[in-house]
Amino acid sequence: MRTITSSSGQEEAVNVRRTESADAQGINGLICPEAGAVFGRVNVIHLLEKANLAVTLANEREEILAHASFFDHPVGDLVDQTCWEAFLQKHFSAETCTPLNTLFLHFFVAHTDFATASAKEILRAVFNAVAELEHILLLSPYAGVLEEALEEVFDPLQRLTDLECSAFICHRQEHCPKLLIRPARVEDHDDLMRLFVDQTKVLSVMEQPYFLAELIQEQNEENHCAVCESDGLPVGFISVTSDVDLKQLHDSFDLSELDGLSKLDQIRNAAPPESREDPETPRTDPQEETQSTGAGKSSAVCIQFFVIDKNHETRSVDFLPYVFTVFPDVDLCIITVPTLSPEFLLLQSFVRLPPRSASSPREIYVFQRSGLRSVEVRAAVAADRPAVSELVKTLSLRESLLEDLDRFYETRRDTDGVPLQAFVSTVQSEVVGVLIIRDEQDLQYLCARYNMESFIYFSHHRLEEHAHILHFVLAPSFQRCCRHLFKESLRLGHKSCLFHRLYPPHISPQNSCVHHLDVLLDCAVPVCPRRQIVFPLEQLGINAPSLQIREEQAPFALSLISRKLTLEPKVTVNARVVLVGASDTGLSLLEVLCFCFITVSRGQTDKELRADRLSAADSGPSDSPDSRSASIPHLRFNSLTLVSTHGLLSDFHHEDIGFLSTSHAYSSRDLSRVPLHSCVSVVSGKMVAINRKSKHVLVSGGVTVPYDHLVLCTGLQYQAPRPAEGNQPDSNLQLPSNLFTLNDLHDCMAARRWLSANFVELEDNAIVYGNSIDVFTSVETLLSLGILGNRIHVVFTPPEPGVSCFSDPEVEKAVATALKKAEVQVHHHCLLALVNNGENPDPLTSVTFTTDAETLNLQCGVFINLSNKAVDSEAFRSINDSFLVFDGRLVIDATFHTSDPSISAAGPLTKFSRSYYSDEWSNANFNSKEVGRDLAAMLLRLFDPTLEPATETPPETERLVPLYGQAKIQGGKLPGGFHFLQVSKPSATQRTAPPVQKVPDSCLVTGRVQTGNYFSLHLDSYEQVEALTCLSLKPLPLSNYLSLYGKQQQLLGQLSSRYLQGLIPDLHSFFRQSWCLALYHDRFSDFEQELQQIASHTGDVSPLLLQHRSPAAEVRAAVRGSAVRYLSFNRNLLPMFARPGQL
C-alpha cells in the first residue's frame, strides 16, 4: 500500500493493480465531460478487452479512485494502428519513440480530489511494470482541453505540422528514472550490508564481516563490482567475473543453440583439464551466483553476487549494459541459481537453458550481448525469404514453413483460400524470428469446446480479429523478446487473439513448425476444455446446435495470446516436482499445475503489479462485468516429471479395450486436451527406491530421477496371486505367460492382444479371479471377443464384510441372470491354493481353489487376476526402506505431508495419522480428481508469490481431516451388454453412528433391468440428488447424468412431485427432454450461484408472497432476467430455447 494526498490535503492508502472487468461499474462512475472531450466516447468493457495494460487505483475499501488504459497505438481513427510510427515522425518531433518503448494513453478518469496524485501514482506503477517502456503518449483526434491532472504529468509534443489533435508525451525519467550504475567503492560497504542482511542468506557475506569489502577492494580486469544508485544512495549490488568454468557449463547444460559460442568451444578445447579448479560449493541464496574458475580468456562472464532493494527490483536490467561495457570482449552474461530459488525479476531478461540432466541442482540463465539491441517487428517481404530459410535450416518442418511463407508472398492465402499473414522480427536488419498466422476458421468449435471466456469477451472481438499460429521460430538469443513479437504482430495484423493447437504425439504428424514450443507457451495461457452436453439429436432436429460445434475434431490442447495478456510475463518455477503414479489423483494434480488457475482476490498489492503477476482475465456465465472473477494461469513449471509404470496412457481408449471399470475421471480425449506432453516429462518404469538424503527416486531400469518435491500417488493395484500352498509365484520371477494381472489400460491391451492371438479360437477355460466390479466388466470383454460363456469360469474370493460390488440389489440380480444366460460358470468363496499341481507354473494349465465345501479343480488356458488390491510391492519397499511412516497405508496429515516435508502423498495409497482419530475416513473415500485438486492447491502455496502464506490452523480445527463433496463414480459395460453407471455420495468406510434414515419417497425408480432401462435416483433430506444408478442396453449420456449429482429436485422440473403423481414413467426419457439440456451446461452452476445471490438479497420468500407482494414480483423479474441472460449468452450450445423477441 502507498499513500497519496488529495488537493485538499486528505491522505488515502491505495494500491495499484491490474483492472478487472468487475471494476467497470466503478470506472463508469468516474467518467466526466472533460474525459470525453479528450478521449471521446468510451465503452469501458470494450476498452478493457483491447487494452495492452489497464490499471486501477483503489483504496483499502476497494473503492476505485482512478483508472487508466494503455494501448500500443493512438486513440481513435487519427491514424491506422499499423502506421503510427511514420505518422508520428511526420507531424511531431518524437524520433526516440518506437513500438518497443512506447505506449499510448487511451483513457484516464479519477476522483476529482485525487486526480493529480492518482495520475502520478499510476504512471509510476506502469513504468515500473514495463521495463522497456520509455514514453507514454497521449495522441487523440479529439482536441479537447486536457484536465489539470494530465496537464501536470504530460508535456506537449513539439509539432512539425498544423495537424489538429491532442498530442502530449510523458517520459520515464520524470516518474521512474533508470538507476545510475557505477563501480562499487569500499565506502559503500555499510549501505550494501543492509541490503544483504534484509534480503539474502549468503553465508560468505554474513559470517565474514569484511568479505564484501575485500571483494570490492580486489577488483581487477577479471572481477568487477558495481552498485546502482537512487537519490545518491546504493540500492543494489552486482559482482561479475570472467573466470568461468566452461567445461562444467558444456557438460551440465545444452549450449548448442546459442550464437557466438565458437569462442567458448575453442577455449574449452584448448584449456587443459588439469588447469581447471573445482567450482565453489553452491550457496542457497536465490540472488547469488557461485564463482567458477577456468583457464584462458573467456567470452562469458558470470554473475557471482546480485542483490537489489525490492522497491527498485524492476530496474535490475540497468546493470546489464554496464556489465558489457566493463567486459567489452565478452558475448555472454551467465547466472546460475538453485532450482528451489524463486524467480527474481532480473531473470526475466535472461534466457533459461535446459540442463543436460535433471540431476543438476542448479538452473543456468544466459543473456547475450546482442540482446541489448533494439528489436523491430514488421510484415514479411519477399526479400526476407533467404534470411528466413537460413534461420530455419536446421528444423525438421522447415519445408512446411517455407511453403506457407511462399503462399503468403504469392496470394496471401493458404491452399483452402484462408488469409495468411507473415511477420519477421529483425535486429539491425537481420532476421531473427518469423511468425506466420492464419485466420481462425473454427471459432465456434473453440468457443464451445474450450473455456475461452475465462480470458476474453467474444462480443467485443470481431470474427476477423482471431487467428491461429501456423509457424513460429525465434532465435534463442532473442527469446526474451517473444512477447514483443506477438504484441506487434497483433497490432500490425489488426488481430486481437492468437490461438495455438498442441496435438498429442499419437495424433498424425502436424505441419506446424514451432521452435521453441516452451517460448510460445510462456507467452500464452492454456485454455481449459469444457464439459460437453450429450445432445438427443433425433429429438432436437433443426433445434440442435450447429454441425460445426457438434462435429468432433482430433483432440488438442489450446493456448491463447490476446492483447491484454501481451504484457503479462509468467513466474517461472524451476523446482523439480516429481509425481509417482498416473492415478486419477496424480493426473488431477498435473492438470492443475499445467493450467495453473488461481483465483485472484481483488486488492492485490502494487508489488504484484510491478511483478506482472495480476491480470484482468475473467470467467463467468454472462456478459455482465459483475458476473466474472479474475483468474490467471500466471505460473509456469519448468520441471514436472511423471514416473509411471507404462508412461502416460493418453493414446489408449478405455471403451475400445474393456476389462476394467472406469471412474470416468479422464478419457484418452480428456488427456489429449490437457498440455501434459508439453509440460510434463514422463519416465516409464516403477519406483524401486527413494533416497531421501540425496533427494532422488530410483526407477526400474536404473534411471535416477532427482526431486525437490516428491508426490506419491501410486494408488492401489491388484497383486499377483499367491497360492496358499505349493509353488507360490515369486514376484521376482517371471510370471506365467497366460497369467494377466490387470491394473491399467496397458495391461488390458496386452491381455486383449494375447487373447486374440492365442486363445479365442481354442477350447481352454478362461478363469477370472477376484471380487469386484472389474470381474464383471472383464467377463463382458471376454464374451465380446467371441469366447463362449461355458469356457469362462468366474471365481469369486470371499467378500469383505458389508461390502458388495453393487450397492443396488437389482443390478446385482441382473448381472447374475446375464451370467447364467451366457452359461458362465460362477464359483463363490474360493481361495487359490495350488497351480499346475505343484509343478512348473509356466504356463498355467490347472488351478486348485479351496472353498467352503470341497476343493475346486479347474483346467486353465488363461488366468485373469483381479484379486488382492493393495499397495504395490515395489512401492511399499521404497516407502518402507526410506523410513516413511507406513501403517497399512502411507501415513499423511491433513495437508498431504508425510513424515518428510519434501514428500507429499494422496489418494488410496494413503491414510490419515491415527492422531486424527478418523480411521473411517481416508482419501480413498472421496472423488480422486477433487483430492488431486486440493493437493495441487497445497503445493501451489509453495511456489506462488501472489498467494498469502498458509496461516496457522486454529486449535479447534487442527485435528480435523479434510472432507470433500464431489461424487464417487463407477461405470463400465457389464455382462448382458448392460451399460452401467453408479454415482454416489462419499461415505465413511466404517460407520461410527447409525446411518441416517432417508425421508419417505426419497428413492425414485423407473424401468426394469429385464428391459434394459433401469434408473434409480436417491434424494437426500434436502431433496438433492445424492446417488443414482443406471443400467441400460443403450449407451448412456454420461456427461449429462453426472451433472445431475447435487441438483435440487425442484431444479429438475419438480422431479419428486411429478414422480409421485405418476407423470414420469421413464427417467431416461425424462432426462433426454430438451428442457433438461440447460441443466447439463457446464455454466449452469454459475447460474445457480446467481440465483442464490438473488435469493440472499431478498430473504426467504414463501410461495404465497411470491404471488401477492411486490418484493415477490421483483424476485420473479430478477430470476427471469437472469435466466434470459444465461440462455442468451450460451445460445451457441442451447439454441433449442426461445429468446425474447425471437417469436
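Just so we're clear, the structure is a prediction, and the values are computed from it rather than from any experiment.

Now for the pattern of salt bridges. A side chain with one charge can pair with a side chain of the opposite charge if their charged atoms come near. Inspection of the entire model under this criterion finds 47 salt bridges. Between lysine 686 and aspartate 872 there is a salt bridge whose closest N-O contact spans 2.9 Å. Taken as a pair, lysine 686 in the loop between β31 (680-684) and β32 (687-691) and aspartate 872 in the loop between β45 (869-870) and α28 (873-881) lie far apart in primary sequence, 186 residues in all. Notably, a salt bridge pairs arginine 1125 with glutamate 1090, separated by 2.8 Å at the nearest N-O pair. Linking arginine 1125 in helix α36 (residues 1110-1129) with glutamate 1090 in helix α34 (residues 1084-1098), this pair joins segments that are 35 residues apart in sequence. For glutamate 1090, a relative accessible area of 16% translates into the label buried.

Looking now at helix α29 (residues 928-943). For α29, with 16 residues, the first-to-last C-alpha span of 23 Å sits near the 22 Å given by 1.5 Å per residue. Among the residues of α29, Lys929, Glu930, Val931, Gly932, Leu935, Ala936, Leu939, Leu940 and Phe943 are the ones counted as buried. Sitting at the amino-terminal end of α29 is asparagine 927, which places a side-chain oxygen 2.9 Å from the backbone nitrogen of lysine 929.

Formed by 62 residues in total, the largest nonpolar core has its most connected members in Leu589, Phe637, Leu676, Val680, Leu710 and Leu712. Top contributing element to this core by residue count: helix α20 (residues 584-595), with 7 residues. If sequence neighbours within four positions are ignored, leucine 589 has contacts with Leu579, Val711, Gly932, Leu935, Ala936 and Leu939. Counting residues in hydrophobic clusters, the runner-up holds 54 residues, among them Leu30, Ala117, Val126 and Phe154.

As enumerated under the stated definition, the model contains 0 disulfides in all. Sulfur of cysteine 481: no disulfide; nearest cysteine sulfur belongs to cysteine 482 and is 8.0 Å away. Cysteine 481 sits in the buried class, given a relative accessible area of 12%.

Right, let's talk about the confidence of the model for the protein for a bit. With 87% of its residues at a pLDDT of 70 or more, the protein has an overall mean of 86. Contacts from residues 260-296, a stretch scored under 50 in pLDDT, to residues over four places away or in other chains number 98 contacts. Under a pLDDT of 50 for its full length, residues 1104-1108 has, in the predicted model, 7 contacts with residues more than four places off or in other chains.

In a beta sheet, neighbouring strands are held together by backbone hydrogen bonds and run either parallel or antiparallel to one another. Read from one edge of the open sheet, 5 strands run β31-β30-β25-β35-β47, paired in parallel fashion. What marks the edges here is a single partner per strand, and that holds for β31 and β47 (903-905). Direction aside, neighbouring strands of the sheet carry axes that sit 20° apart on average. In this fold α20 packs onto β25 (577-580), β30 (640-644), β31 and β35 (709-712), with an angle of close to 155° to the strand it touches most, β25.

The next thing to look at is the packing of aromatic side chains. Here the structure, examined in full by the defined rule, presents 30 aromatic pairs. Seen from their ring centres, phenylalanine 776 and phenylalanine 806 are 5.2 Å apart, and the 50° between their planes marks the pair as tilted. Of this pair, phenylalanine 776 sits in helix α26 (residues 773-784) while phenylalanine 806 sits in the loop between β39 (792-796) and α27 (809-821), and the two are 30 residues apart along the sequence. For phenylalanine 806, a relative accessible area of 3% gives the class buried. Every member of this aromatic cluster is reached through a ring pair, and the members are Phe1015, Tyr1041, Phe1070, Phe1071 and Trp1075. A cation sits over an aromatic face here: arginine 791 above phenylalanine 759, 4.5 Å from the ring centre.

The next thing to look at is helix α7 (residues 189-199). Within α7 the residues assigned to the buried category are His189, Leu192, Met193, Leu195 and Phe196. Buried residues of α7 fall within an arc of 155° about the axis and therefore sit on the same side. Those residues of α7 that are exposed and aimed more than 90 degrees away from the buried face are Asp190, Arg194 and Asp198.

On to the sheet that holds β32. One open sheet accounts for 3 strands, arranged β32-β33-β34; its pairing is antiparallel. In this open sheet, the two edge strands, each paired with only one partner strand, are β32 and β34 (703-706). On average, each strand axis in the sheet is inclined to that of its neighbour by 25°, with strand direction left out of account. Here β32 runs beside strand β33 (residues 696-699); their pairing, made up of 4 bridges, is antiparallel. In the strand pairing of β33, methionine 687 is matched with valine 699.

What follows is about the packing of α20 against α29. Where α20 meets α29, the closest approach of the two axes is 7 Å, and the angle between their N-to-C directions is 45°. In terms of orientation, α20 lies oblique with respect to α29. Note that α20 runs across α29; the crossing there is right-handed. Here Asp584, Thr585, Ser588, Leu589, Glu591, Val592 and Leu593 of α20 come into contact with α29, specifically with Ser928, Lys929, Val931, Gly932, Arg933, Leu935, Ala936, Leu939 and Leu940.

Each value, and the rule that gives it
Residues numbered from 1 in each chain as written. Predicted model: local features only at pLDDT ≥ 70, side-chain atom pairs only at ≥ 80, totals over all residues. Heavy atoms only, no water. Salt bridge = Lys/Arg side-chain N within 4 Å of Asp/Glu carboxyl O. Helix = DSSP H or I, 4+ residues; strand = E, 2+ residues; numbered from the N terminus. Buried < 20%, exposed > 50% of the residue type's maximum accessible area, 1.4 Å probe, protein only. Expected span 1.5 Å × (residues − 1). Polar contact = N/O pair within 3.5 Å; in protein donor to acceptor, adjacent residues only side chain to side chain. Core = buried A, V, L, I, M, F, W, Y, C linked by side-chain atoms within 4.5 Å. Contact = heavy atoms within 4.5 Å. Disulfide = S-S within 2.5 Å. pLDDT = per-residue confidence, 0-100. Pairing = 2+ DSSP bridges. Axes fitted to C-alpha atoms, helices over the stretch in contact; angles between N-to-C directions. Phe/Tyr/Trp six-rings, centres within 6.5 Å; stacked < 30°, edge-to-face > 60°. Lys NZ or Arg CZ within 6 Å of the ring centre and 35° of its normal. Arc of directions from axis to C-beta. Parallel < 35°, antiparallel > 145°, perpendicular 65-115°, else oblique. Left-handed = near helix turned anticlockwise from the far one by under 90°.

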